[in-house]
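Survey of secondary and tertiary structure
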Amino acid sequence: MAQPLVKKDDDHDDEAEYSPFLGIEKGAILQEARVFNDPQLDPRRCSQVITKLLYLLNQGETFTKIEATEVFFSVTKLFQSRDLGLRRMVYLMIKELSPSADEVIIVTSSLMKDMNSKTDMYRANSIRVLCRIIDGTLLTQIERYLKQAIVDKNPVVASAALVSGIHLLQTNPEIVKRWSNEVQEAVQSRAALVQFHALALLHQIRQNDRLAVSKLVTSLTRGTVRSPLAQCLLIRYTSQVICESAGNTQTGDRPFYDYLESCLRHKAEMVILEAARAITELNGVTSRELTPAVTVLQLFLTSSKPVLRFAAIRTLNKVAMTHPMSVTNCNIDMEGLISDQNRSIATLAITTLLKTGNESSVDRLMKQITNFMSDIADEFKIVVVEAIRSLCLKFPLKYRALMNFLSNILREEGGFEYKKAIVDSIVILIRDIPDAKESGLLHLCEFIEDCEFTYLSTQILHFLSIEGPKTSDPCKYIRYIYNRVHLENATVRASAVTTLAKFGALVESLKPRIIVLLKRCLFDSDDEVRDRATLYLSTLGADDAVVETGEDANEFLFGSLDVPLVNLVTSLKNYVPSDEPFDISSVPREVKVQPLAEKKATSKKSTGLGAPPTGPTATVDTYERLLSSIPEFSSFGKLFKSSAPVELTEAETEYAVNVVKHIFYQHVVFQYNCTNTISEQLLENVTVIVDASEAEEFAEVVSKPLGSLPYDSPGQTFLAFEKPEGVPAVGKFSNVLRFLVKEVDPSTGESEDDGVEDEYQLEDLEVVAADYMQKVGVSNFRNAWENMNPDSEKVDEYGLGPRESLAEAVNAVINLLGMQPCEGTEVVPSNSRSHTCLLSGVFIGNVKVLVRLSFGINGQKDVAMKLAVRSDDESISDAIHEIVASG
Amino acid sequence: MILAVLFANSVGNILVERFFGVPAEERLHWRSFLVKLGADNLKGVKNEELLVACHKSVYIVYTVLGDVSIFVVGKDEYDELALSEVIFVITSAVKDVCGKPPTERLFLDKYGRICLCLDEIVWTGLLENTEKDRIKRMIRLKPPTEF
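Keep in mind it's a predicted model, so treat the numbers as computed, not measured. (Residues numbered from 1 in each chain as written. Chains lettered and ligands numbered in written order. Predicted model: local features only at pLDDT ≥ 70, side-chain atom pairs only at ≥ 80, totals over all residues. Heavy atoms only, no water.)

**Thoughts on the sheet that holds strand 3 (residues 51–55) of chain B**
Residues and elements named next belong to chain B. Taken together, the 5 strands give an open sheet; going across it, the order is 2-1-5-4-3, and neighbouring strands pair in antiparallel fashion. Two strands lie at the open edges of the sheet, namely strand 2 (14–19) and strand 3, each paired on one side alone. Ignoring which end each strand starts from, the neighbouring axes of this sheet average 15° apart. Bridging between strand 3 and strand 4 (residues 58–65) involves 5 bridges; their strand directions are antiparallel. Within strand 4, the position partnered with Leu 51 by the bridge is Tyr 62. Running at roughly 25° to strand 4, helix 2 (residues 80–98) makes contact with strand 1 (2–8), strand 3, strand 4 and strand 5 (68–75) of the sheet. (Pairing = 2+ DSSP bridges. Helix = DSSP H or I, 4+ residues; strand = E, 2+ residues; numbered from the N terminus. Axes fitted to C-alpha atoms, helices over the stretch in contact; angles between N-to-C directions. Contact = heavy atoms within 4.5 Å.)

**Some remarks on the interface of chain B and chain A**
Of the residues lining the interface, 46 residues belong to chain B; the matching set on chain A comes to 53 residues. Summed over both sides, the interface between chain B and chain A buries roughly 4,400 Å², with carbon and sulfur atoms accounting for 63% of that surface. Counting the surface chain B buries against chain A, the share from its top three residues, Leu 81, Trp 123 and Leu 141 of chain B, is 18%. Across the contact surface, chain B and chain A share 10 salt bridges. Across the salt bridge formed by Arg 314 of chain A and Glu 80 of chain B, the nearest N and O atoms sit 2.9 Å from each other. Linking chain B with chain A are 19 residue pairs in polar contact (both at pLDDT 80 or more). Contributions of two or more residues to the side of chain B that touches chain A are made by strand 2, strand 3, strand 4, helix 2, helix 3 (104–109), helix 4 (111–121), strand 7 (126–127) and helix 5 (132–138) of chain B. At 6 residues, helix 4 of chain B tops the list of elements feeding residues into the side of chain B that touches chain A. (Buried area = accessible area lost by both parts, 1.4 Å probe. Salt bridge = Lys/Arg side-chain N within 4 Å of Asp/Glu carboxyl O. Polar contact = N/O pair within 3.5 Å; in protein donor to acceptor, adjacent residues only side chain to side chain.)

**Some remarks on the side chain of Lys 381 of chain A**
Within the secondary structure, Lys 381 of chain A is located in helix 23 (residues 378–394). Apart from residues lying up to four places away in sequence, Lys 381 of chain A is in contact with Met 373, Ile 376, Glu 413 and Tyr 418 of chain A.

**Some points on the environment of Ser 227 of chain A**
All names here are of chain A. Tracing the chain through its elements places Ser 227 in the loop between helix 13 (210–222) and helix 14 (228–244). Put simply, Ser 227 and Val 271 are 44 residues apart on the chain and 9.7 Å apart in space, counted from C-alpha to C-alpha. Ignoring sequence-local partners within four residues, the contact set of Ser 227 consists of Ala 192, Gln 195 and Phe 196. In this structure the side chain of Ser 227 is engaged in a polar contact, spanning 3.1 Å, whose partner is the backbone nitrogen of Ala 230.

**A look at a nonpolar patch on the surface**
Residues and elements named next belong to chain A. A surface patch of nonpolar side chains, about 280 Å² in accessible area, is lined by Phe 73, Ile 105 and Ile 106. Mapped onto the fold, Ile 106 is located in helix 6 (residues 101–115). Its relative accessible area of 39% is what places Ile 106 among the partly exposed residues. (Patch = residues over 30% accessible without salt bridge, like charges linked within 9 Å, V, L, I, M, F, W, Y side chains within 5 Å. Areas by Shrake-Rupley, 256 points an atom, 1.4 Å probe, with all protein chains shown as cover. Buried < 20%, exposed > 50% of the residue type's maximum accessible area, 1.4 Å probe, protein only.)

**Looking at the packing of aromatic side chains**
This structure, assessed with the given rule, holds 24 aromatic pairs over all chains. Taking the centre distance of 5.4 Å and the plane angle of 75° together, the rings of Tyr 575 of chain A and Phe 582 of chain A count as edge-to-face. Looking at Tyr 575 of chain A, the relative accessible area reads 29%, which means it is partly exposed. When the centroid spacing of 5.6 Å and the interplanar angle of 10° are considered together, the rings of Tyr 62 of chain B and Phe 71 of chain B count as stacked. (Phe/Tyr/Trp six-rings, centres within 6.5 Å; stacked < 30°, edge-to-face > 60°.)

**Quick word on the packing of helix 26 (residues 437–449) of chain A against helix 27 (residues 454–467) of chain A**
Residue and element names in this part refer to chain A. Here helix 26 crosses helix 27 at 145°, and the two axes come no closer than 10 Å. As for how helix 26 packs across helix 27, the hand of that crossing is left-handed. Side by side, helix 26 and helix 27 meet where Lys 437, Leu 441, Leu 444, Cys 445, Phe 447 and Ile 448 of the first sit next to Leu 456, Ser 457, Ile 460, Leu 461, Phe 463, Leu 464 and Glu 467 of the second. (Left-handed = near helix turned anticlockwise from the far one by under 90°.)

**Description of unusual backbone geometry**
All names here are of chain B. The backbone phi angle of Glu 48 is positive, close to 70°, even though this residue is not glycine. Tracing the backbone shows Glu 48 in the loop between helix 1 (24–41) and strand 3. Even without glycine at this site, Leu 141 takes up a positive phi of about 60°. Mapped onto the fold, Leu 141 is located in the segment after helix 5. Of the residues examined, Leu 141 reaches a relative accessible area of 3% and is grouped as buried.

**A look at a negative patch on the surface**
Together, Glu 680, Glu 743, Asp 745, Glu 750, Glu 752, Asp 753 and Asp 754 of chain A give the surface a local cluster of negative charge. One can find Asp 753 of chain A in the loop between strand 9 (731–743) and strand 10 (756–761). (Lys, Arg positive; Asp, Glu negative; His and termini not counted. Charge placed at Lys NZ, Arg CZ, Asp CG, Glu CD.)

**Details of the nonpolar core**
Core analysis: the biggest nonpolar cluster contains 247 residues, and Phe 36 of chain A together with Phe 7, Ile 90 and Phe 107 of chain B have the highest contact counts within it. Residues in contact with Phe 7 of chain B, not counting those within four places in the same chain, are Asn 13, Ile 14, Leu 15, Val 16, Val 68, Ser 69, Ile 70, Ile 90, Val 94, Phe 107 and Leu 118 of chain B. If you look at the next biggest cluster of nonpolar residues, it comprises 63 residues, including Phe 733, Tyr 798, Ala 809 and Leu 853 of chain A. (Core = buried A, V, L, I, M, F, W, Y, C linked by side-chain atoms within 4.5 Å.)

**A few points about helix 38 (residues 874–886) of chain A**
Residue and element names in this part refer to chain A. A rise of 1.5 Å per residue sets the reference length of helix 38, with its 13 residues, at 18 Å; its end C-alpha atoms lie 19 Å apart and thus fit the reference within 8%. Residues of helix 38 that are buried: Ile 876, Ser 877, Ala 879, Ile 880, His 881, Ile 883 and Val 884. Buried-residue contacts for helix 38 involve strand 12 (773–774), strand 13 (794–802), helix 37 (806–817), strand 15 (834–843), strand 16 (847–857) and strand 17 (862–871). (Expected span 1.5 Å × (residues − 1).)

**Some thoughts on the confidence of the model for chain B**
All names here are of chain B. Taken over all residues, the pLDDT of chain B has a mean of 91, while the share at 70 or more is 99%. When mean pLDDT is taken per element in chain B, strand 5 scores highest with 96 and strand 3 scores lowest with 87. Among the prediction metrics, the complex's ipTM stands at 0.95, with pTM recorded as 0.63. (pLDDT = per-residue confidence, 0-100.)

**What about the pattern of salt bridges?**
Within this structure, the stated rule accounts for 51 salt bridges over all chains. Of the charged contacts, one joins Asp 119 of chain B and Lys 95 of chain A as a salt bridge, the two residues approaching to 3.0 Å between their closest N and O atoms. Pair noted here: Asp 119 of chain B is in helix 4 and Lys 95 of chain A is in helix 5 (residues 84–97), and the two residues belong to different chains. The burial state of Asp 119 of chain B is the same as that of Lys 95 of chain A; both residues are buried. Ionic pairing is found between Lys 437 of chain A and Glu 467 of chain A, a salt bridge with its closest N-O pair at 3.0 Å. Of this pair, Lys 437 of chain A sits in helix 26 while Glu 467 of chain A sits in helix 27, and the two are 30 residues apart along the sequence. Look at Lys 437 of chain A and you get buried, because its relative accessible area is 18%.

Below, the structure written as structure tokens:
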């Protein structure tokens, strides 16, 4: 079809419309690149072709290996041209093509020649290109030139060498570290950028040497720093030195504080903000130290530049988390930022205000936020919702206004994550503020009337089933729940049936009516809904309505599933239908995460020795199968727990040995996994000789040697000990690997007939209290805690002495007990002075244990801990205290 | 580390994208995220007015220059302040090469030189040169004037 004729009456428009790269096509450009091979080079044409190649690469186009090689070889021909513009393009093109190691050799001689050229700019550029493409061997050859370049008089050459050094430090640290004298000299350069790059490199070279960094900071804070960028680096290094030196904050003379404070008066805004940020982030910063920093940050809040406003409010937001009172002076300026065009700034302003506001300002603030919420994206709304949640927990009396706000935004449009954040917040408020419960539950009920997210509907129905029956008038929730049975998809309907049943079980007066409703559900179109209705009707005793709901029914309805879901699924899949019914107690309770040591071992083997991939990772199941296949261990009963492998040799040794501790009720089995990494050896009759003199309660009963251990084919030897029944006996075992070694001819693989007895010392092994504890979590700790007999509770307080941090102390206790942290309580917020950690586990003998740990830390970093334990067996509560007392 | 420098035209087509240390599979995500960020916020923004956003520990400073939007992404030491310095150098250099805030056509006409400028400014994720006059000389392999 003919193109319609368009009159081109405006040449200018026409020019603007067409791109010089219109219709550009890789194949054609690669053809064009043949001009690089012309004997008479046309620099202008070559530059144009390189530009086109760059355009393709910058659009995300990739070249195949062959294409790239061809272009690279052609480009190297362009070194013949003396045209400066073209040479500059060639340097860039080589970097973009990043040639492979075997191709690099083609250009190295040209680049080395340029590096020794009298033209400085050739030198600078060739250094940058060479450092991008060479490996360690070649680097050693040009090291001398690079060292000279670092102290070159031309700042461009010096900067090129220094920035290259920063990159090379990642790949060849030992070589770059040898340049520190030259770099040190460059730090004193009069050229601002050279000083900046030299400072960055010198710090990276010496970052692990605290004294050297401290000296560097001391000398530079007294001397001259020529560029704001370098000044910012120096401020960062200074705060690092302050953080590492145990300054005496009590007397107020913190080292280098005066320097940071003086930077607040620097002429560059970047430096002022960096210094203010460094001061606010000082450990244990006092109000007196904070004041000047907050004052300058306040000034930046009204800056005309968004970046400065953002930087200031971002810093104040962090300060507000730890020192809200210090930021209150900025409240008026921050309120002005709520209407800031830049939504990131507005959100930061609001969340800061929510932290610094007092009780009386809450209503006013909520009004402002309501207007703001309609025009921000969901991700910002989530941040605001989370801030409101914390505010409500801080001022519980204001729950009405805040809960209303949450319920209003719940009705508006929004994505899943946003709605989930609101629902989570309402749930938390209901749990923590008793007065908010009834209104909160009604808000949630109204929400599920028109909720498009199945996940949220089912979560809310589940929550209603726990909290609803405990309210003053449970009857009013039934309508909302039963409506779900009519109006929703099968998943929500099934959840609604369960919720109804729980109301029936807990509220005796509602039971007859609930039974009527459940009977109607028997005609549902979905199997799961009908099955649930049938099951619950029988559990509630629908045939005999006068019978009170029994303990069994409650346990069935409210008891948590005490086996991990993943394990249950695996066991059900493995279950072969037969006369014998499925036994839920046969499901393993331990949640198995692939231990790091095993992962490492796998990857090491596959790369280091080129062995075939190892079999599937050992799980509880495979351990159980392995142990039950050994007749000597068949009488030990059911396996309680298997530990993660403990390495008994260092990496890269002749023999690699790790051990897995298998705990039974009355026995402990050590499974030594051995690997022979010497191809010229065959080991036979491999055993581990154990000295158990520091493990008095253990008596060796069985030793199972390994017949033969050829090169790179792992094998196991076992050792079993008897210990007192159900007692968490601990002890230390020293190990020696004993074997018969035979020489092997690597070419034929045949071994000699005669061998020599030899021994190999292994690391010691300990059986600790944590080995007797399974990590088994609970979904709702509070419920689980309340359902456990309060008489079993044992409480005591412990002093843990001075610790590095609160987080370190919390971790140490978690590791000592070997229990599962619940509800994310293992994470300690930075700067907090106290923390509560919730742990759950099953102790040997299948005794459920729950632990509540409350920690506090004082100014001298002394940590005190209160330990409360509840368990199915009172004596186990005592045992947990003993573990902590002796740990 | 500067993670990315990206230029797009007024309708969101990529003119230049350079990533540093960003895995190939994440680049597409970054590209569409930045283009959307620009489409949402850059309408009516004056030339070289800097906008800022952050996502977790990554910062983005972006602006508009003529028909071209410019985005710089960084993390760690390259926070919003350092990135604003980087983008200032980039906009100055582009203006210098083009003689004015460029139309898309003008930008593409000067494409080769702009690539060279970027090569002088950002060296695999680190800021190397900051003065437009020096950069102007260096892309022609001329030594800096002060030397």
